[in-house]
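Breakdown of the fold
Listed below are the residues making up each chain.
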Amino acid sequence: MEKKPAKLLILYATQTGNALDAAERIGREAERRGCAASVSSTDDFDASSLPHEDTVIFVVSTTGQGDTPDSMKLFWKYLLQRNIAKNWLEGVHYAVFGLGDSGYQKYNFVAKKLDRRISYLGATAIVERGLGDDQHPSGYEGALDPWMSSLWIMLYQINPKFFPNGPDFVISDTTHIDQPKFQITYLETDKVDLQSSSATGLDSVQMQIGRARSMSPGKVSHIKNIPDCFLKMIKNQPLSRTGCGKDVRHLELEFVSATIEYGVGDVLEVLPGQDPAAVDAFLQRCNLNPESLIIVHPIGMESHHRDAEGNDSNVPIKLKTFVELTMDIASASPRRYFFEARMLYVMSIFATAEHEKERLQYFASPEGRDDLYQYNQKERRTVLEVLEDFPSVQMPFEWLVQLVPPLKTRAFSISSSPSAHPNQVHLTVNVVSWTTPFKRKRTGLCSTWLAGLDPQDGVCIPAWFRKGSLPPPPASIPLVLVGPGTGCAPFRGFVEERATQDMSGSAAPIMLFFGCRNEENDFLYKDFWLFHAQNAGPLSMARGGGFFVAFSRDQPQKVYVQHKMREQSERVWGLILEGASIYVSGSSTKMPSDVMSALEEIISKEAGVSRETAVLQLRRLEKDGRYHVEAWS
């Protein structure tokens, strides 16, 4: 097979949509420089055709404990085949950009191993791999911008035909910008026979969600469009003291549709409801008719087709319903796409006020990048706020569908055992809120929505279940659990599960290290832990377990979970020698690395080995499936 003409192929693997955003941005920046580029997901690309590509840019995220995104699993499996020759990719040029979180032990692990494998198979690296970090003030873009600059320079050196006018030449004529990628078909209400007209209740809602999300540009491959089930809240209980600066809730949810089997350590994904007033304000600001019946489909794709779940793309949906279920109009910051070159086509072209046009063009320029960061990312302005700041801009709905961030499901660690609570799912939810530099009060969309639900109202919550990073342990395995703050959520389920296992025989003990700021303010599940630490319960010292809590602010010197672990060094090492598995859950900032460091010290001290040997022993535990981390930023 002949080589294809020189152009960029950009392959992405995403779990939440960020790698897709980054891949699309690389493609747009290449096209602005006159370079042809195509963007595709790894699960839509035939891996066997990789040797026939000239230049490939990989944009991949890392999930969990160094796991590949679901959309990359088959692609990666193909690359690992033993019968692939070492020179299989000889002549192919490539670059890798990874998206990760340095709070995790296996930071950007997928990008690193992909880079090594592609190089091993004979491909030539264009530039050193780029590693985006969620912990950076600008997120992954803090690394993406300089990495792209190097990429364009090196591509031009390899083959000047990539950039006929040089890598620094950028197309400014907005007439060269593409048309929107999505087409909206409007239908007359009286001529439409809605498929869902015969469906009632939850079946109708489920069909609407599936139909809307199957049309959405923001689909994420690991999650189905149709919810696994619907849940109804039966308890909404504050866990933290009112007025302490934190609002943590214990939520109990009951199945109202099909009951889904789940295990301890699993994750529940929830589709949040949006503020009706914000949705109405968005529709009014954009001059959209909420009652319009629409069909959304990519340009060039046959409008009548069914997706893998059987959702018929030819069945229309109300415009307002589509917005409510798929477009995050009042919580997420607009994609930078709003302010890049195509913004000059999308926003500036539709701005009738000259001063607004000039301001938008300034934001899109290199000189305006810092001010754009202050205006958009740092203040976390929402789509609705940005549109209200530029009132003369009237964007067609086709562009809004493409540019408004997708309404994503939010993931929560399940904090219950199905053995202890049949037909229920429990969550431990921190209600997110913060103040921006300009004193704007911001709140998390999903946590605020859940905390505001009244069990008496019977609101049905669309939900999906999936496996998390914490596999359920056998009853015979001792456990060392480290879960400060809401990181204790999955371990509540672990303790409940072990307590039920005790009924049919003595299960192995658990050591739990919990941490919070103050005993009086945010000692989550205090009575629960203390109950199971007594009377030979799973957490009792009599059983070889124990419950140890660090109150970081109740004394002049701050005390954290790693300090309590060091205090119990001998007991922790004893359980490890008995075959214990170690589970760590909580914030991804410093906690996981601090806990890892404490464990290295414990092994070094108790086993009488060097720190380097202790590090190797911990790696062995991880390789043997005895060390698990679930962290979030």
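Within every chain, residues take consecutive numbers counted from 1 along the sequence as written. Whole-chain, interface and lining totals are the exception, using all residues; otherwise, since this is a predicted model, local features are given only for residues with pLDDT of at least 70 and side-chain atom pairs are given and counted only at 80 or more. Remark: hydrogens and water are excluded; side-chain values derive from all non-hydrogen atoms of the structure.

1. Here we look at the UniProt feature "binding site: NADP(+)" (unreviewed entry) in the chain
UniProt positions are given in the numbering used here, feature names are shortened, and annotations may be inferred rather than shown by experiment. As annotated in UniProt, the feature "binding site: NADP(+)" (unreviewed entry) corresponds to Thr486, Ser552, Arg553, Lys558, Val559, Tyr560, Val561, Gln562 and Asp594 in the numbering used here. The residue Ser552 is located in the loop between β20 (546–551) and α17 (561–567) in this model. For Ser552, a relative accessible area of 6% translates into the label buried. What Ser552 contacts, discounting residues up to four positions off in sequence, is Cys516, Arg517, Gln557, Lys558, Val559 and Tyr560. Looking at where Val561 falls in the secondary structure, it is placed in helix α17. We call two residues contacting when some pair of their heavy atoms lies within 4.5 Å. In this structure, Val561 is in contact with Val482, Pro484, Phe513, Phe514, Gly515, Ala550 and Val595, ignoring residues within four places of it in sequence. Note on conventions: DSSP H or I runs of at least 4 residues are helices, E runs of at least 2 residues are strands, and numbering of each starts at the N terminus. Only protein chains enter the accessibility calculation, which uses a 1.4 Å probe; a residue whose area is less than 20% of its type maximum is buried, one above 50% is exposed, and one in between is partly exposed.

2. Description of helix α20 (residues 611–623)
Each α-helix turn comprises 3.6 residues. Residues three or four places apart therefore point the same way. Each residue after the first adds 1.5 Å to the expected span of a helix. Compared with the 18 Å implied by 1.5 Å per residue over 13 residues, the 18 Å span of α20 between its first and last C-alpha is a close match. Three or more residues of α20 are buried, namely Ala614, Leu618 and Leu621. All buried residues of α20 project into a common sector of 55° when viewed along the axis, lining one side. What points out from α20, more than 90 degrees from its buried face, is the exposed set Glu612, Leu616, Arg619 and Lys623. Each element contacted by the buried residues of α20 is listed here: α18 (569–577), β21 (581–587), α19 (591–607) and β22 (627–632). Immediately beyond the C-terminal end of α20, within one or two residues, lies Gly625, with a positive phi of roughly 75°. The directions considered for the arc are those from the helix axis to the C-beta atoms.

3. Here's the deal with unusual backbone geometry
For Asn108, which is not glycine, the phi torsion reads 55° and is therefore positive. Judged by its relative accessible area of 0%, Asn108 is buried. Backbone geometry at Arg380 places phi at a positive 50°, although glycine is not the residue there. Relative to the helices and strands, Arg380 is located in the loop between α10 (369–378) and α11 (383–389).

4. Topic: the side chain of Arg492
Relative to the assigned elements, Arg492 resides in helix α14 (residues 489–502). Among the residues examined, Arg492 registers a relative accessible area of 7% and is labelled buried. Here a polar contact means two N or O atoms within 3.5 Å. Within protein one must be a hydrogen donor candidate and the other an acceptor candidate, and residues neighboring in sequence count only if both atoms are side-chain atoms. A polar side-chain atom of Arg492 sits 2.7 Å from the main-chain carbonyl oxygen of Ser415. Setting aside residues no more than four positions away along its own chain, Arg492 makes contact with His250, Ser415, Ser416, His421, His426, Tyr525, Phe528 and Trp529.

5. Quick look at the pattern of salt bridges
We define a salt bridge as a side-chain nitrogen of Lys or Arg found within 4 Å of a carboxyl oxygen belonging to Asp or Glu. The tally for this structure, following the rule as stated, stands at 25 salt bridges. The residue Asp145 makes a salt bridge to Arg25 at a minimum N-O spacing of 2.8 Å. Residue Asp145 is located in helix α4 (residues 141–158), and its partner Arg25 is located in helix α1 (residues 18–32); the two are separated by 120 residues in the primary sequence. In this structure Arg25 comes out as buried when scored by relative accessible area, which is 4%. Put simply, Glu567 and Lys564 hold a salt bridge, and the shortest N to O gap is 3.6 Å. Here Glu567 pairs with Lys564, and both are found in helix α17, just three residues apart, close to one helical turn. A relative accessible area of 52% places Glu567 in the exposed class. Within the structure, one salt-bridge network assembled from shared partners comprises Glu29, Arg32 and Arg33.

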